[in-house]
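# Chains, contacts and geometry: an overview
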Amino acid sequence: MAARFLWASRVASHLRISGAQRGFSSVVLKDLKYAESHEWVKINGNKATFGITDHAQDHLGDVVYVELPDLGRSVSQGESFGAVESVKATSDINSPISGTVVEVNEVLTESPGLVNTSPYEEGWIIKVELSDACEAQKLMDSDKYSKFCQEDYAKH
Amino acid sequence: MSISRAPLMNLVRLKGTPILEQLHLEERLLRASTDNWCIVNDGTNVPTIVMGMSGKPSQLLEVGPVIKDRIPVIKRFTGGGTVIVDKSTLFVSLICNKDDVPSVQPYPRSVMAWSGSLYGEVFEGVDGFQLRENDYVFGDRKFGGNAQSIIRNRWIHHTSFLWDYNVRNMAYLKLPSKVPQYRLERDHTEFVCRMKDYIERSDFVEKTVKAVGNQFAMKEVNLEDIDSYAKGEHVKSTRLLTMEELQEAMASTAQSA
């Protein structure tokens, strides 16, 4: 938990985001796109990297297992491609964008907790070759996602 | 003026249904139905070991005796730990659309808190009931193992209640590496208790249905009619482990010994 706070403070400081100004304290990175199901995607040409957001990992609790898809598998926007286990629950991970799996983060097999301590960096989950880059237009940018999380926070 | 109506909950009552069949049904209803479901199974047919999604037999089971005594081992689609269930076990499963339970966020701790409150109604007046570190306990003894699966807009919370149990069956399970703090190094027989010592079986079932009915409009559905509620293909991850897998687990246990 201490490592996570240190990481979050460093990132927030780098991006000039103050958790104290918000009703919630999740970290949201500016150069990513976000799905309503709380996955992030970083697009680089025709490839993309996915993971789950700081908001998601905080609500899930300590992740003890990550179920990764097979290489070569197709993933579709909004559909489940894997799962994380935490607090006796499996939670689907949904694909923010469609493509073909070209790499999985095998480190998560031995160190699933990276999803909690480093959700945007070492805790990345899969990389895909995109099938339709236009799908990114359906995703939220960091400002919209922050607002989405705040509204979700306020409801509960 | 609008009158809000309680959301509908379909109630399926089973008796002695094999646990593998029950879990297949639950996974199907979670993923291929849009209704809310309460499934009550009064016992399963044969003693069966059920592990969570990430369970490894070599770490959780005394694999030699499991193979020798031909105990079926299932890996289920939800998280959580390992149980051995039989005809004495009572199963209650709740599948909900997140929008029909708006006070509950689709995250494990929120769903667990809601279920703890629901069973608090069921066990009102029964001394010592609480949700303790995600277990249902009377005092410091666990009597129910629960687990969950959360998909995009729905979740399931299901429980196996230890109405009674055979002490010999507990010997198939190893002490898990991760245990709740309140367990305090107790073995299975010191850690669990029998629900029959606290409440009548029929009383428990009817109070559970009543507690669910306080939040939902209940409608009984027969198993034979399920097809009309759950159509299309869905991910199927619950499965029976093969003899080959169990033998590999035994071999890896021997290697690391």
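None of the values given here were measured: they were computed from a predicted structure. (Residues numbered from 1 in each chain as written. Chains lettered and ligands numbered in written order. Predicted model: local features only at pLDDT ≥ 70, side-chain atom pairs only at ≥ 80, totals over all residues. Heavy atoms only, no water.)

## Regarding the overall build of chain B
When helices and strands are tallied, chain B shows eight helices and 12 strands. If you line up chain B on its principal axes, its C-alpha atoms span 70 × 45 × 30 Å. Within chain B, the fraction of its 257 residues that count as buried is 51%. Of the side-chain charges in chain B, 32 are positive and 32 negative, and the distance between the mean point of each set is 3 Å. (Helix = DSSP H or I, 4+ residues; strand = E, 2+ residues; numbered from the N terminus. Buried < 20%, exposed > 50% of the residue type's maximum accessible area, 1.4 Å probe, protein only. Lys, Arg positive; Asp, Glu negative; His and termini not counted. Charge placed at Lys NZ, Arg CZ, Asp CG, Glu CD.)

## Let's talk about the packing of aromatic side chains
Summed over the entire model, instances satisfying the criterion amount to 21 aromatic pairs over all chains. A cation sits over an aromatic face here: Lys127(A) above Trp124(A), 4.7 Å from the ring centre. Positioned over the ring face of Tyr165(B) is Arg194(B), at 4.1 Å from the centre of the ring. (Phe/Tyr/Trp six-rings, centres within 6.5 Å; stacked < 30°, edge-to-face > 60°. Lys NZ or Arg CZ within 6 Å of the ring centre and 35° of its normal.)

## Quick notes on the interface of chain A and chain B
At the junction of the two partners, chain A supplies 25 residues and chain B supplies 26 residues. Here chain A and chain B share an interface that buries about 2,000 Å² over both sides, 51% of which is from carbon and sulfur atoms. Counting every contact that joins chain A to chain B gives two salt bridges. Of the charged contacts, one joins Arg31(B) and Asp92(A) as a salt bridge, the two residues approaching to 3.0 Å between their closest N and O atoms. Counting across the chain A and chain B interface gives 14 residue pairs in polar contact (both at pLDDT 80 or more). Among the secondary structure elements, those contributing two or more residues to the side of chain A that touches chain B are helix H2 (54-60), strand E4 (63-67), strand E6 (80-86) and strand E7 (89-94) of chain A. By residue class, the composition of the side of chain A that touches chain B is seven nonpolar, 11 polar and seven charged. Two strands pair when backbone bridges link them, and E7(A) and strand E9 (residues 141-150) of chain B are joined in this way by three bridges, in the parallel orientation. Within E9(B), the residue paired with Ala89(A) across the bridge is Gln148(B). (Contact = heavy atoms within 4.5 Å. Buried area = accessible area lost by both parts, 1.4 Å probe. Salt bridge = Lys/Arg side-chain N within 4 Å of Asp/Glu carboxyl O. Polar contact = N/O pair within 3.5 Å; in protein donor to acceptor, adjacent residues only side chain to side chain. Nonpolar A, V, L, I, M, F, W, Y, C, P; charged D, E, K, R; others polar. Pairing = 2+ DSSP bridges.)

## Points about the UniProt feature "domain: Lipoyl-binding" (unreviewed entry) in chain A
The residues that UniProt annotates with the feature "domain: Lipoyl-binding" (unreviewed entry) are residues 47-129 of chain A. This span, residues 47-129 of chain A, is 18% helix and 43% strand, and a straight line between its end C-alpha atoms measures 5 Å. (UniProt positions renumbered as here; feature names shortened; annotations may be inferred.)

## Examining the UniProt feature "modified residue: N6-lipoyllysine" (unreviewed entry) in chain A
Residues given the UniProt feature "modified residue: N6-lipoyllysine" (unreviewed entry) here are Lys88(A). By the element assignment, Lys88(A) lies in the loop between E6 and E7. One polar contact links Lys88(A) to Asp135(B), side chain to side chain, over a distance of 2.6 Å.

## What about the side chain of Asp54(A)?
Along the chain, the position of Asp54(A) falls in helix H2. Only 2.8 Å separates the side chain of Asp54(A) from the side chain of Gln57(A), close enough to count as a polar contact.

## Quick word on the pairing of strand E2 (residues 39-44) of chain A
Residues in a regular strand point their side chains to alternate faces of the sheet. Residues and elements named next belong to chain A. Looking at chain direction, strand E1 (residues 33-34) and E2 are connected through two bridges and run antiparallel. Its bridge partner lying in E2, tyrosine 34 is registered against tryptophan 40. Taken together, E1 and the strand that follows it, E2, pair antiparallel across an intervening segment of four residues, in which histidine 38 is found at a positive phi of about 70°. As judged from the six bridges shared by E2 and strand E3 (residues 47-52), these two strands associate in the antiparallel manner. Each residue of the ladder has a partner; that of glutamate 39, found in E3, is isoleucine 52. The antiparallel hairpin formed by E2 and E3 contains two residues in its connecting segment, where glycine 45 sits at a positive phi of about 70°.

## Concerning the side chain of Asn146(B)
On the secondary structure map, Asn146(B) appears in strand E9. Within the structure, Asn146(B) has its side chain in polar contact with the backbone oxygen of Asn134(B) (distance 3.1 Å). Those residues within four positions of Asn146(B) in sequence are excluded, and the remaining contacts are Lys88(A), Met112(B), Leu131(B), Asn134(B), Asp135(B), Tyr136(B), His157(B), His158(B) and Thr159(B).

## Comments concerning the packing of helix H4 (residues 108-122) of chain B against helix H7 (residues 201-213) of chain B
All names here are of chain B. Closest axis-to-axis distance for the H4/H7 pair is 8 Å, and the angle between their directions is 130°. Judged on the interaxial angle alone, H7 and H4 are oblique. Between H4 and H7 lies a crossing of right-handed hand. Contacts between H4 and H7 involve Leu118, Tyr119, Glu121 and Val122 from the first element and Phe204, Lys207, Thr208, Ala211 and Val212 from the second. (Axes fitted to C-alpha atoms, helices over the stretch in contact; angles between N-to-C directions. Parallel < 35°, antiparallel > 145°, perpendicular 65-115°, else oblique. Left-handed = near helix turned anticlockwise from the far one by under 90°.)

## Overview of the nonpolar core
Soluble globular proteins tend to pack their nonpolar side chains together in the buried interior. Counting residues in hydrophobic clusters, the biggest one holds 35 residues, and the most contacted among them are Trp114(B), Tyr119(B), Phe123(B), Phe143(B), Phe161(B), Met195(B) and Phe204(B). Of all the secondary structure elements, the ones that give two or more residues to this core are strand E1 (8-15), strand E2 (36-42), strand E6 (90-97), H4, strand E8 (135-138), E9, strand E10 (154-161) and H7 of chain B. When neighbours within four sequence positions are excluded, Phe204(B) is seen to be in contact with Leu90(B), Val92(B), Tyr119(B), Val122(B), Phe123(B), Phe161(B), Met195(B) and Ile199(B). Listed in part, the 26 residues of the second largest apolar core include Phe50(A), Val104(A), Leu114(A) and Val115(A). (Core = buried A, V, L, I, M, F, W, Y, C linked by side-chain atoms within 4.5 Å.)

## Description of the UniProt feature "domain: BPL/LPL catalytic" (unreviewed entry) in chain B
The UniProt record marks residues 34-220 of chain B with the feature "domain: BPL/LPL catalytic" (unreviewed entry), using the residue numbering of this structure. The span residues 34-220 of chain B is 25% helical and 29% strand by assignment, and the distance between its end C-alpha atoms comes to 16 Å.

## Details of unusual backbone geometry
The backbone phi angle of Glu133(B) is positive, close to 45°, even though this residue is not glycine. Positionally, Glu133(B) belongs in the loop between strand E7 (129-132) and E8.

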